[in-house]
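# A closer look at the structure
Here is how the chains run, residue by residue.
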Amino acid sequence: MDKKGLQIESEPLGGGFDSELLAQRREEPPKSAWQHASLWSKIFLVCGLVVFLLGTTFLFVHAAASMADRSDEDGVVFFILGDWGREGTGNQTGVARLMGHVGRTRRPHFVVSTGDNFYPNGLNSTDDALFDASFKNVYTDWSLQIPWYAVLGNHDYGDGIEGYCENDASDDCDRSPRHQLGVGLASRDDRWFCQRRYRKSFGNGLIDVFFIDTSPMILSYHETEWARYPGGIQEQDWESQLKELESDLENSVAPWKIVVGHHPPRSNGDHGNNTDLIENLEPILQRRGVQALFSGHDHSLEHLKFDDIRTQYFVTGAGSDCDRGFIGDAGSMYQYTKPGFVAVRVASNAMVVDYYTVQGGQTPQYSAVLSA
């Protein structure tokens, strides 16, 4: 009975309806927009998706190719730093962050490490946690996800370890510079590449970079305890290495020839000049027309130029711990004892070397221009 006194009779569900069909309809889920779309609409959507994916792939490949080999007008751009591997401490993170910021604008093709990659005494194995703590987890900016070409420094050989262990259970006995060489570390981060001595060409032959292992050339190192580690200094033939370097330089037809090694022949940093390199390496650089040598070892930033030496020396060992000061200013065009790195741009007619510091930010604090 409703409010007006009328009696409403309700018909059972079975009356006039198929109850089983109604139950099935209630259980069916609603159709999606795709199911409602016509065949031609579906074809149009699929074609659009294919075009989008192809376009995205083309842009990605084009961008990657542009990063790998830009035009001659842009030249070859790369960053250089040394003496950095301290698990993110001692200003390492600050330098890495600065490199990332500058890298987004400068867009380097690759990064060069001048050695002393893992403090305090190199790696114990290719699984050493220091690799992640000092490299992979520090240089994380997208602009730094490019090849890293490294050389060994004296600390990568084990310098700093007191005494020598042989066939015992201590971790130090597993220490060897070999752990940084080969494919072991590259399997953990494919940016990494390090050998004792090698050569790389960039910019369609515009520049040849010669990477050398200077630690065996320091004769006093051969008398140390840590020189005995497997693959260590006592197993290296530094004279043969220099002969091979001179032969490679002689055969190079690149307009620009650059050498990278850990130790500088000449420096005003706290280590000073190295007489072994002045006597044995510097004459080769002179004879074969090397325009620049980049090094680390001294924890500072320097540019040295001498009237009677064609090769100019660039020290970039300020990748983390610094503040060691200078012992002189011979040939100095620039010297700075705070953390930073170097950016290099090589074109057909000139090479520009820009020094960036954590204190100075994204504006170069000093620039040197070398003419071809």
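In this convention, every chain numbers its residues from 1, walking through the sequence in written order. Given that this is a predicted model, residues contribute local features only at a pLDDT of at least 70 and side-chain atom pairs are listed and counted only at 80 or more, while totals for whole chains, interfaces and linings are drawn from all residues. As a convention, hydrogens and water are excluded, and side-chain values are obtained from all of the structure's heavy atoms.

## Brief notes about the overall build of the chain
Applicable threshold: Put simply, DSSP marks the helices as runs of H or I at least four residues long and the strands as runs of E at least two long, and each gets a number from the N terminus on. Working definition: with a 1.4 Å probe on protein chains only, accessible area under 20% of the residue-type maximum means buried, over 50% means exposed, and in between means partly exposed. Here the open area of atoms and residues is found with the Shrake-Rupley method and a 1.4 Å probe, where only the protein chains shown may cover a residue.
Regarding its fold elements, the chain presents eight helices and 14 strands. Within the chain, the proportion of its 372 residues that are buried is 49%. As displayed, the chain has an accessible area near 18,600 Å², and 52% of this comes from carbon and sulfur atoms.

## Description of helix H4 (residues 92-106)
Under the convention used in this document: A helix is expected to span 1.5 Å for every residue after the first. What makes two residues a contact is simply this: any of their non-hydrogen atoms within 4.5 Å.
Relative to the 21 Å expected for 15 residues at 1.5 Å per residue, H4 spans 20 Å between its end C-alpha atoms, a close match to the ideal helical length. Those residues of H4 that sit buried are Gln92, Val95, Ala96, Leu98, Met99, Gly100, Val102, Gly103 and Arg106. Against the buried residues of H4 lie strand E1 (76-81), strand E2 (110-113), helix H5 (130-136), strand E3 (148-150), strand E12 (340-346) and strand E13 (350-357). Immediately downstream of H4, the backbone of Arg107 shows phi near 50°, a positive value.

## So, the environment of Ala186
Relative to the helices and strands, Ala186 is located in the loop between E3 and strand E4 (192-194). Residues Ala186 and Thr126 lie 60 residues apart in sequence; the distance between their C-alpha atoms is 9.4 Å.

## Side note on the sheet that holds strand E7 (residues 256-260)
We count it as follows: Paired strands, as defined in this entry, are two strands with at least two bridges between them according to DSSP. Axes here refer to lines fitted to C-alpha atoms; in helices the fit is confined to the stretch in contact. Angles between the N-to-C directions go from 0 to 180 degrees.
Strand order in the open sheet formed by seven strands is E5-E6-E7-E8-E10-E9-E11, with mixed pairing between adjacent strands. One side of each edge strand has no neighbouring strand; the edge strands of this open sheet are strand E5 (198-202) and strand E11 (332-336). Across this sheet, the average inter-strand angle for adjacent strands is 20°, counted without regard to direction. Bridging between strand E9 (residues 301-306) and strand E10 (residues 309-316) involves five bridges; their strand directions are antiparallel.

## Brief notes about unusual backbone geometry
Look at the link from Tyr119 to Pro120: it is a cis peptide, with omega at 5°. Mapping Pro120 onto the fold places it in the loop between E2 and H5. Positive phi is not limited to glycine here, since Asn91 has a value of about 75°. Inspection of the secondary structure puts Asn91 in the loop between E1 and H4. Looking at Asn91, the relative accessible area reads 42%, which means it is partly exposed. In the Ramachandran plot, Asn204 falls in the positive-phi region, its phi being about 55° despite a non-glycine side chain. Here Asn204 shows up in the loop between E5 and strand E6 (207-211). Residue class for Asn204 comes out exposed when judged on its relative accessible area of 67%.

## Comments concerning the pairing of strand E8 (residues 292-295)
Alternating positions in E8 separate into two faces, Ala292 and Phe294 on one and Leu293 and Ser295 on the other, with burial throughout. Relative to E8, E7 runs parallel, the two sharing three bridges. Counted as the bridge partner of Ile258 is Ala292 from E8. Relative to E10, E8 is paired through four bridges, and the arrangement is parallel. Across the sheet, residue Phe294 finds its bridge partner in E10, namely Phe314.

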